[in-house]
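Residue-level listing of the chains:
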Amino acid sequence: MIDKNQDITYTVKVPVGKAGQRLDSFLAETLSEISRTRLKVLIDEGNVILEQDAPGSSALDPSRKVLENQVFLIKVPPPVSAIPEAQLIPLDIVYEDNNIFVINKAAGMVVHPAPGSPDGTLVNALLGHNLRLGDGSLSGIGGVERPGIVHRLDKGTSGLMVVAKNDVTHRLLSEQFSDRSIKRVYFALVWGVPNPTQGEISSNIGRSRINRKKMAVVRGGGKVALTHFKVVKSYGKAVSLVECRLGTGRTHQIRVHMASLGYPVIGDPLYGGGSKVKRQELSDTAHAEIKSLDHQVLHAKILGFVVKSGQEPLFFESNFPSYFSKLIDELDKM
């Protein structure tokens, strides 16, 4: 009997006559029980590797041409329940009315259920909040998998998010994200001091060909991405507090753009780094604070949007969370 809670792994060898096919097309023909769309996602997530490659080192592309006798390993994670469980998880609700929630999301919280994070997410918490209040206003918004969610923050990013409570508000907010009229201002601590100290980064972002779990600035393909940045304060040559205003909302956008300039966000597990020479300027306590982090120092601080057509926009601003303010306090001692 197959345990539905366990990964399923398929081993597929390329037979004579199939060489030259696209990887996703070949796998879809061979594994008829898995859709081609699902296989593309599995490839992008790094769940399809060549047998001779070490786990996690693959850089496969759905359009890659397969070769005769190659052996591919396909790991299929267990499905996520279509109806997330309502869980009583504490939430920092900044504002709530009949149309929206404004949430100050903690770093480490995933926004919606996915393989690897089936529960304990913001969606589970919102459903739990409504259940406690006897309120069913989130049901059916944006699909059962992501009720009310019109945008998201990365797991390791803290800060403000807006969640819709009804279809009309959901559509209006979605339009503002689409036409880029929504105001989103982030603050980050980055390695080094950007030169110039302000400007804009306009470059396409797409899936990295080196590591399919990462995004990257790409010359061809990808999606247009625009970030405006400004150094608010610098701490020697080691670290800067940077304000970033989003012109678009691509996956990992600020993290990828700042890293592409050579000033990665501190603590970023995917795009981090930084000069060892610059790091020597930091105190032992600052080093300890950074070492204790398991996520990027990136906070969505300001959020502005319109809830009803014709009305004045609402604006919200949150304080830096403790992980951010503690590190700033240490840097201020430099």
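For clarity, every value in this text was computed on a predicted model and none was experimentally measured.

The next point concerns unusual backbone geometry. With omega at 5°, the peptide bond leading from Asn195 into Pro196 counts as cis. The residue Asn69 is not glycine, and still its phi comes out positive at about 75°. When you line up the elements, Asn69 lands in the loop between strand 2 (48-50) and strand 3 (71-76). Overall, Asn69 belongs to the partly exposed group, its relative accessible area being 46%. In this structure, Arg180 takes a positive phi of about 65° despite not being glycine. Positionally, Arg180 belongs in the loop between helix 4 (167-178) and strand 7 (183-191).

Further remarks concern the nonpolar core. Note that soluble globular proteins tend to have their nonpolar side chains buried in a common cluster. Counting residues in each nonpolar core, the largest one holds 26 residues, and the members touching the most others are Leu122, Tyr186 and Met258. Secondary-structure elements contributing two or more residues to this core are strand 5 (100-105), helix 3 (122-133), strand 6 (158-164), strand 7, strand 11 (226-235), strand 12 (239-246), helix 5 (253-261) and strand 13 (298-305). Core analysis: the second largest hydrophobic core is formed by 20 residues, Trp191, Tyr235, Ala238 and Leu282 among them.

Right, let's get into the packing of aromatic side chains. A complete count under the given rule lists 5 aromatic pairs for this structure. Residues Tyr95 and Phe316 carry aromatic rings whose centres are separated by 5.4 Å and whose planes lie at 45° to one another, so their mutual orientation is tilted. A residue pair is termed long-range when its members are at least 10 positions apart, and Tyr95 in strand 4 (residues 93-96) and Phe316 in strand 14 (residues 314-317) qualify at 221 residues. Using a relative accessible area of 12% as the deciding quantity, one classes Phe316 as buried.

Moving on to the pattern of salt bridges. Pairing between side chains becomes possible if they bear opposite charge and their charged atoms approach one another. Applying the stated rule across the entire model yields 11 salt bridges. For Arg245, the salt bridge is made with Glu243, and the minimal N-O distance between the two is 2.8 Å. Overall, the relative accessible area of 33% leaves Arg245 in the partly exposed class. Residue Glu243 is classed as buried on the basis of its relative accessible area of 12%. Residues Asp268 and Arg255 are paired through a salt bridge, measuring 2.8 Å at the closest nitrogen-oxygen approach. Here Asp268, found in the loop between helix 5 and helix 6 (276-279), pairs with Arg255, found in helix 5; they are 13 residues apart in sequence, far enough to count as distant. Through salt bridges with shared partners, a single network forms among Arg22, Asp24 and Lys40.

Attention shifts here to empty space enclosed by the protein. Counted by the stated rule, this structure contains 1 cavity of 30 Å³ or more. Roughly 40 Å³ of internal volume is contained in the largest cavity. Taken together, His151, Leu153, Leu160, Arg184, Tyr186, Ala300, Ile302 and Leu303 form the lining of the largest cavity. Contributions of two or more residues to the lining of the largest cavity are made by strand 7 and strand 13. When grouped by side-chain class, the residues that make up the lining of the largest cavity number 6 nonpolar, 1 polar and 1 charged.

This next bit is on the packing of helix 7 (residues 284-291) against helix 8 (residues 322-332). Their axes nearest at 9 Å, the elements helix 7 and helix 8 cross at an angle of 160°. Viewed along their axes, helix 7 and helix 8 adopt a mutual orientation that is roughly antiparallel. Judged by the sense of rotation from one axis to the other, the crossing of helix 7 with helix 8 is left-handed. When helix 7 is examined against helix 8, the residues Thr285, Ala286, Glu289 and Ile290 are found in contact with a partner set consisting of Lys326, Leu327 and Glu330.

The next thing to look at is helix 4. The terminal C-alpha atoms of helix 4, which comprises 12 residues, lie 16 Å apart, in line with the 16 Å expected from a rise of 1.5 Å per residue. Among the residues making up helix 4, those that are buried are Thr169, His170, Leu172, Leu173, Gln176 and Phe177. The arc enclosing the buried residues of helix 4, seen along the axis, measures out at 165°, which places them on a common side. Set apart from the buried face of helix 4 by more than 90 degrees, the exposed residues are Val168 and Ser178. Contact partners of the buried residues in helix 4: strand 5, strand 6, strand 7 and strand 13. Phi turns positive, to about 65°, at Arg180, one or two residues after helix 4.

Read from one edge of the open sheet, 3 strands run 1-3-2, paired in antiparallel fashion. Pairing within the sheet leaves two strands with one partner each, and these edge strands are strand 1 (8-13) and strand 2. Direction aside, neighbouring strands of the sheet carry axes that sit 20° apart on average. For strand 2 and strand 3, the ladder comprises 3 bridges, and the chain directions are antiparallel. Counterpart to Ile49 in the pairing with strand 3 is Leu73.

Attention shifts here to the confidence of the model for the protein chain. Residues at a pLDDT of 70 or more form 88% of the protein chain, whose mean pLDDT is 86. Confidence scores differ between elements of the protein chain, with helix 6 showing the lowest mean pLDDT of 56 and strand 13 the highest of 98. Ignoring residues within four places in sequence, the model shows residues 141-145, a span with pLDDT below 50, making 17 contacts including any to other chains.

Analysis parameters
Residues numbered from 1 in each chain as written. Predicted model: local features only at pLDDT ≥ 70, side-chain atom pairs only at ≥ 80, totals over all residues. Heavy atoms only, no water. Helix = DSSP H or I, 4+ residues; strand = E, 2+ residues; numbered from the N terminus. Buried < 20%, exposed > 50% of the residue type's maximum accessible area, 1.4 Å probe, protein only. Core = buried A, V, L, I, M, F, W, Y, C linked by side-chain atoms within 4.5 Å. Phe/Tyr/Trp six-rings, centres within 6.5 Å; stacked < 30°, edge-to-face > 60°. Salt bridge = Lys/Arg side-chain N within 4 Å of Asp/Glu carboxyl O. 1 Å grid on protein atoms, 1.4 Å probe; cavity = no way out; pocket = protein on both sides within 12 Å on 5 of 7 lines; lining within 4 Å. Points joined across faces, edges and corners; volume = space filled by probe spheres on them. Nonpolar A, V, L, I, M, F, W, Y, C, P; charged D, E, K, R; others polar. Axes fitted to C-alpha atoms, helices over the stretch in contact; angles between N-to-C directions. Parallel < 35°, antiparallel > 145°, perpendicular 65-115°, else oblique. Left-handed = near helix turned anticlockwise from the far one by under 90°. Contact = heavy atoms within 4.5 Å. Expected span 1.5 Å × (residues − 1). Arc of directions from axis to C-beta. Pairing = 2+ DSSP bridges. pLDDT = per-residue confidence, 0-100.

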